[in-house]
Amino acid sequence: MVDLARKNLLHDKLRFVITVSGVAFAVTLIFVQIGLFGGLLDNASVTIDHLDADIWVTSSKTPNIDFAHLFPETSVQRVRSVPGVARADNLIVSFMFISLPNGARENIEVYALEDFSRWHFPWNVVQGNLDDLRRGRYFFLDESAARRFGPFAVGEYREVLDYRLKIIGTTREALSFTTTPIGFMDYRIAQTLLGREWVGRTTYIVAKLAPGADVAAAKAEIQRRLPHNDVYTTAEWSRQSRSYWVESTGIGFNMFMTVLLGGLVGIVIVAQTLYTSTMEHIKEFGTVKAIGGSNADIYKILAEQAVISAVVGYALGLIPAFALVPAMAKGGLKLVITPELMLVVFVGTVAMCLLAAMVSFRKVATIDPALVFRG
Amino acid sequence: MLLEATDIHKTFQEGRETVHVLNGVTLSLARGEIVSLEGPSGSGKTTLLSIIGCILTPTSGRVVIEQHGVNAQHQGELARVRRQYIGFVFQQFNLFPALTALENIEYALNIKGVKGVAAQREAERVLVAVGLAERLHFLPRDLSGGQKQRVAVARALAGNSPLILADEPTANLDSVTGGQVLEMFRALAKQENRGLLIVTHDPKVRAVADRVLKIEDGRLI
């Protein structure tokens with residue numbers, strides 16, 4: 001079978017380059033937008049996903065991990081007594097002011113536990129020993145803080161809420177959706193720093209279940225015993241923390257609009273070039289009809305050209321997207337390109353190009369084969 | 001009889017005016033017969049060719065090809081008749097610029113339902129028959145006008161369509177080349193027992209035609 005679609009498409013190389021460049025541009029734009037948003041969403045739940053807990057207890061109506069509210073820390077005793085719970089601890093998550101050497105004050109988001117090691121948290125320790133946090137006024141700081149606060153080193157001191165604390169370790173990949181750097185300190189030290197209002201109060205209880213324990217049953221029992229709190233499995237709480245930013249802020253809509261515009265750019269470019277190409281080949285299509293071809297034969301040609309443009313444009317768009325991953329990381333941004341995203345964007349690209357080809361379908365349907373007799 | 005067109009009328013609407021392009025044309029063509037249809041511009045010859053070629057539908061009248069009455073109301077039926085019975089040669093050659101001479105003919109055969117090796121062999125056969133054995137893999141841009149028209153003739157002959165319709169096949173050729181193409185066309189049509197209707201202004205076509213028809217104001221005279 002002679003592949004007229006491919007041969008026609010590649011015959012005019014400049015037009016082909018313009019078409020696939022348009023598709024590639026749209027594909028890169030979509031990957032970067034969704035990938036950056038995915039990276040931000042990853043940050044929104046990265047601490048939940050890495051803390052080795054099965055169940056999270058929050059105060060009622062807490063929207064996400066960053067915006068915690070207080071409740072009595074003694075509730076942890078009720079959680080520990082629930083059948084199937086292997087261990088449970090209080091967790092404080094709170095923003096605190098940190099004074100920088102230049103006199104400026106910034107925010108850090110502090111995670112405070114009594115024993116970090118048994119929760120395997122933080123998960124990526126670069127320097128220091130987590131067990132040392134219990135020994136005094138110390139804290140760990142994530143490496144990402146250097147971008148906001150300037151360079152720092154283990155052994156240096158910083159004032160947190162006007163208390164002098166020593167940096168005894170550093171972590172990596174502990175990020176928040178708000179991009180506020182994350183620090184880790186002992187639970188009692190955090191309560192002391194935060195003041196009287198925090199005495200005897202916590203923001204979360206995290207629970208690890210015994211092997212084989214029924215998560216749903218344990219969750220229901222904790223909820224029964226703590227009716228004024230909300231109880232989530234880790235997956236539920238992670239999802240809620242992510243969806244808050246998508247659904248409750250303009251960020252999700254903003255991302256949607258950018259992706260939509262990227263898609264529209266691609267559709268317009270492909271539609272325009274395919275339509276121009278169709279008009280230039282209109283007599284050839286008339287010839288196809290005159291020698292017995294149907295509209296469907298011509299639709300197939302246009303569809304195949306759209307799919308070829310989509311596949312080549314997708315491949316060309318994917319390369320810069322991947323190349324941007326390390327470049328973005330250097331700028332402190334996480335660009336997440338998962339296999340699932342690649343598949344979705346590929347299907348979307350093909351659909352986008354086929355949609356663009358449909359603009360030409362209407363023109364083709366009205367081609368009069370008698371035009372082959374016109375000079 | 002290969003072709004019988006009976007009492008063909010065709011009118012076009014131009015604004016409020018009805019233009020009668022064909023006024024009761026009747027003609028027939030037998031296998032192996034070559035007929036030249038001559039007439040001045042606007043006489044209706046190309047319209048008649050389009051109707052016989054199942055590209056246009058007549059306002060009234062009947063076209064029968066190989067004893068099959070053409071149902072002019074159904075576009076799919078018209079396309080089927082074109083695929084099965086008719087080969088076209090156009091004034092402007094109408095070759096696909098991105099396809100080689102061989103591929104141009106293979107593609108036409110693909111449309112007619114002949115695929116793969118069978119299409120390739122048939123394409124080679126007709127190209128050899130028109131004297132282009134050395135130009136099979138040339139793109140149209142690398143062929144002369146006469147060679148392009150030979151490819152177009154080969155395309156019309158490919159697939160054994162019994163009826164060949166040619167619209168001014170020598171109009172874009174110099175007189176020597178035009179004469180050669182016509183001679184070749186005649187020889188192949190006779191040899192393969194095809195019916196050939198040539199619409200033309202070119203008096204040289206008379207030399208190869210078995211019969212000459214003249215059309216004026218939509219009527220054969």
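Residue numbers run consecutively from 1 along every chain, following the written order of its sequence. As a convention, the first chain written is A and the first ligand written is 1, with the rest following in written order. Owing to the predicted nature of the model, reporting of local features is limited to residues with pLDDT of at least 70; listing and counting of side-chain atom pairs is limited to 80 or more, with chain, interface and lining totals taken over all residues. Computation of side-chain values: all heavy atoms of the structure, hydrogens and water removed.

A few points about the overall build of chain A
- Counting its regular elements, chain A contains 11 helices and 12 strands.
- Atoms considered for the radius of gyration are the C-alpha atoms alone. The globule rule reads 2.2 Å times the number of residues to the power 0.38. Computed over C-alpha atoms, the radius of gyration of chain A comes to 29 Å, more than 25% over the 21 Å expected from 2.2 N^0.38 for 375 residues, which places it beyond the range of a compact globule.
- Burial here depends on accessible area, computed with a 1.4 Å probe over protein chains only, as a share of the maximum for the residue type. Under 20% is buried, over 50% is exposed, and the range in between is partly exposed. For chain A, with 375 residues in total, the buried portion stands at 50%.
- Whether two residues are in contact is decided by their heavy atoms: any pair within 4.5 Å suffices. For chain A, restricting intrachain contacts to residue pairs at least 6 apart in sequence, the fraction spanning at least 24 positions comes to 78%.
- Of the roughly 16600 Å² of accessible surface on chain A, 60% is carried by carbon and sulfur atoms.
- Under the convention used here, Asp and Glu are negative, Lys and Arg are positive, and both His and the chain ends fall outside the count. Charged groups are reduced to one reference atom each: NZ for lysine, CZ for arginine, CG for aspartic acid, CD for glutamic acid. The distance from the centre of the 36 positive side-chain charges to the centre of the 34 negative ones in chain A is 3 Å. Helix and strand assignments come from DSSP, with helices taken as H or I runs of at least 4 residues and strands as E runs of at least 2, each series counted from the N terminus. In this description, accessible areas are obtained by the Shrake-Rupley approach with a 1.4 Å probe, and a residue is regarded as covered only by the protein chains that are shown.

Looking at the overall build of chain B
- Along the backbone of chain B there are 7 helices and 10 strands.
- Against the globule reference of 17 Å for 221 residues, chain B gives a C-alpha radius of gyration of 17 Å, in line with a compact fold.
- Principal-axis analysis of the C-alpha atoms gives chain B an extent of 50 × 35 × 35 Å.
- Across the 221 residues in chain B, those meeting the buried criterion constitute 57%.
- For chain B, restricting intrachain contacts to residue pairs at least 6 apart in sequence, the fraction spanning at least 24 positions comes to 73%.
- For chain B, the accessible area works out to roughly 9100 Å², and carbon and sulfur atoms hold 46% of it.
- Across chain B, 25 positive and 23 negative side-chain charges occur, with their mean positions spaced 3 Å apart.

Focus: the domain arrangement of chain A
Residues and elements named next belong to chain A.
- Here chain A is partitioned into domain 1 (4-43 + 250-373) and domain 2 (61-227).
- Of note, the centres of domain 1 and domain 2, computed from C-alpha atoms alone, are 47 Å apart.
- For the pair domain 1 and domain 2, the summed buried surface comes to about 530 Å²; carbon and sulfur atoms form 62% of the total.
- Sorting the residues of domain 1 by area buried against domain 2 places Leu40, Asn43 and Ile251 first, and these three jointly supply 65% of that buried surface.
- One speaks of a salt bridge when a side-chain nitrogen belonging to Lys or Arg is within 4 Å of a carboxyl oxygen belonging to Asp or Glu. Inspection of the domain 1/domain 2 interface yields 0 salt bridges.
- For the purposes of these results, a polar contact is taken to be a pair of N or O atoms within 3.5 Å, where, inside protein, one atom must be able to donate a hydrogen and its partner to accept one; residues adjacent in sequence count only when each atom of the pair is a side-chain atom. Applying the counting rule to domain 1 against domain 2 returns 1 residue pair in polar contact (both at pLDDT 80 or more). The domain boundaries here were taken from an automatic or database domain assignment. Take the accessible area each of two parts loses on contact, using a 1.4 Å probe, and add the two losses: that sum is the buried area.

Regarding a nonpolar patch on the surface
- Any residue with relative accessible area above 30% and no salt bridge may belong to a patch, with like charges joined within 9 Å and the nonpolar Val, Leu, Ile, Met, Phe, Trp and Tyr side chains within 5 Å. There is a patch of nonpolar side chains on the surface, built from A:Phe253, A:Phe256, A:Met257, A:Leu260, A:Leu261 and A:Leu264 and spanning about 560 Å² of accessible area.
- Looking at where A:Met257 falls in the secondary structure, it is placed in helix 8 (residues 251-280).

What about the nonpolar core?
- We define the nonpolar core as a collection of buried residues of types Ala, Val, Leu, Ile, Met, Phe, Trp, Tyr and Cys that are connected through side-chain atoms lying within 4.5 Å of one another. Formed by 51 residues in total, the largest nonpolar core has its most connected members in A:Leu4, A:Phe31, A:Val288, A:Val345, A:Cys353 and B:Tyr107.
- Those elements that provide at least two residues to this core are helix 1 (4-11), helix 2 (13-50), helix 8, helix 9 (282-290), helix 10 (295-330) and helix 11 (339-365) of chain A together with helix 3 (101-111) of chain B.
- Not counting residues up to four positions away in its chain, the partners in contact with A:Cys353 are A:Val23, A:Val270, A:Leu274, A:Ala306 and A:Ala310.

Some details on the side chain of A:Thr171
- When you line up the elements, A:Thr171 lands in strand 8 (residues 163-171).
- For A:Thr171, the side chain forms a polar contact with the side chain of A:Asp142, separated by 2.8 Å.

Some remarks on the packing of helix 3 of chain B against helix 5 (residues 145-157) of chain B
Residues and elements named next belong to chain B.
- An axis is simply a line fitted to the C-alpha atoms; with a helix, the fit covers only the stretch in contact. Between two such axes, the angle follows the N-to-C directions and lies from 0 to 180 degrees. Relative to each other, helix 3 and helix 5 sit at 25°, their axes nearing to 9 Å. Looking at the two axes, helix 3 sits roughly parallel to helix 5. Read as a crossing pair, helix 3 and helix 5 show a hand that is right-handed. Residue-level inspection shows Ala101, Asn104, Ile105 and Ala108 of helix 3 in contact with helix 5, the latter providing Val151, Ala154 and Arg155.
- When residues are grouped by polarity, Ala, Val, Leu, Ile, Met, Phe, Trp, Tyr, Cys and Pro land in nonpolar, Asp, Glu, Lys and Arg in charged, and all others, Gly among them, in polar. Residues that form the contact of helix 3 with helix 5 fall into these classes: 5 nonpolar, 1 polar and 1 charged. By the definition adopted for this analysis, an angle is roughly parallel if under 35 degrees, roughly antiparallel if over 145, roughly perpendicular if from 65 to 115, and oblique otherwise. Left-handed describes a crossing whose near helix is turned anticlockwise from the far helix by less than a right angle; the clockwise case is right-handed.

Let's talk about the sheet that holds strand 2 (residues 17-29) of chain B
All names here are of chain B.
- DSSP-based pairing: two strands are paired if at least 2 bridges between them are found. Judged by pairing direction, the sheet is antiparallel, and its 4 strands sit side by side in the order 2-1-4-5 without closing on themselves. Edge positions in the sheet fall to strand 2 and strand 5 (68-69), since each of these pairs with one other strand and no more.
- By the bridge criterion, 10 bridges tie strand 1 (residues 3-14) to strand 2 in an arrangement that is antiparallel. Of the residues in strand 2, the one forming a bridge with Leu3 is Leu29.
- On the sheet, helix 1 (residues 45-52) packs against strand 1, strand 2 and strand 4 (60-65) and is oriented at approximately 60° with respect to strand 2.

Observations regarding the interface of chain B and chain A
- Taken residue by residue, the interface counts 28 residues in chain B and 23 residues in chain A.
- Joining chain B to chain A, the criterion identifies 1 salt bridge.
- B:Glu103 is paired through a salt bridge with A:Lys7; the nearest N and O atoms lie 2.4 Å apart.
- Of all elements in the fold, only helix 1, helix 2 (75-85) and helix 3 of chain B reach the threshold of two or more residues within the side of chain B that touches chain A.
- No other element matches the 6 residues that helix 3 of chain B contributes to the side of chain B that touches chain A.
- A breakdown of the residues in the side of chain B that touches chain A according to their chemical character gives 14 nonpolar, 6 polar and 8 charged.

Description of the packing of helix 2 of chain A against helix 7 (residues 234-247) of chain A
All names here are of chain A.
- For the pair helix 2 and helix 7, the least separation of the axes is 9 Å and the interaxial angle reads 145°. Crossing geometry of helix 2 relative to helix 7 is assigned as right-handed. Where helix 2 abuts helix 7, its residues Phe37, Leu41, Asp42, Ala44, Ser45, Ile48 and Asp49 lie against Thr234, Trp237, Ser238, Ser241, Arg242, Trp245 and Val246.
- Across the contact of helix 2 with helix 7, the residue classes tally to 7 nonpolar, 4 polar and 3 charged.

Remarks on the side chain of A:Asp230
Residues and elements named next belong to chain A.
- One can find Asp230 in strand 12 (residues 229-233).
- At a separation of 2.7 Å, a polar atom in the side chain of Asp230 contacts the main-chain amide nitrogen of Lys61.
- If we ignore the near neighbours within four places in the chain, the residues touching Asp230 are Trp56, Val57, Thr58, Ser59, Ser60, Lys61, Thr62 and Gln223.

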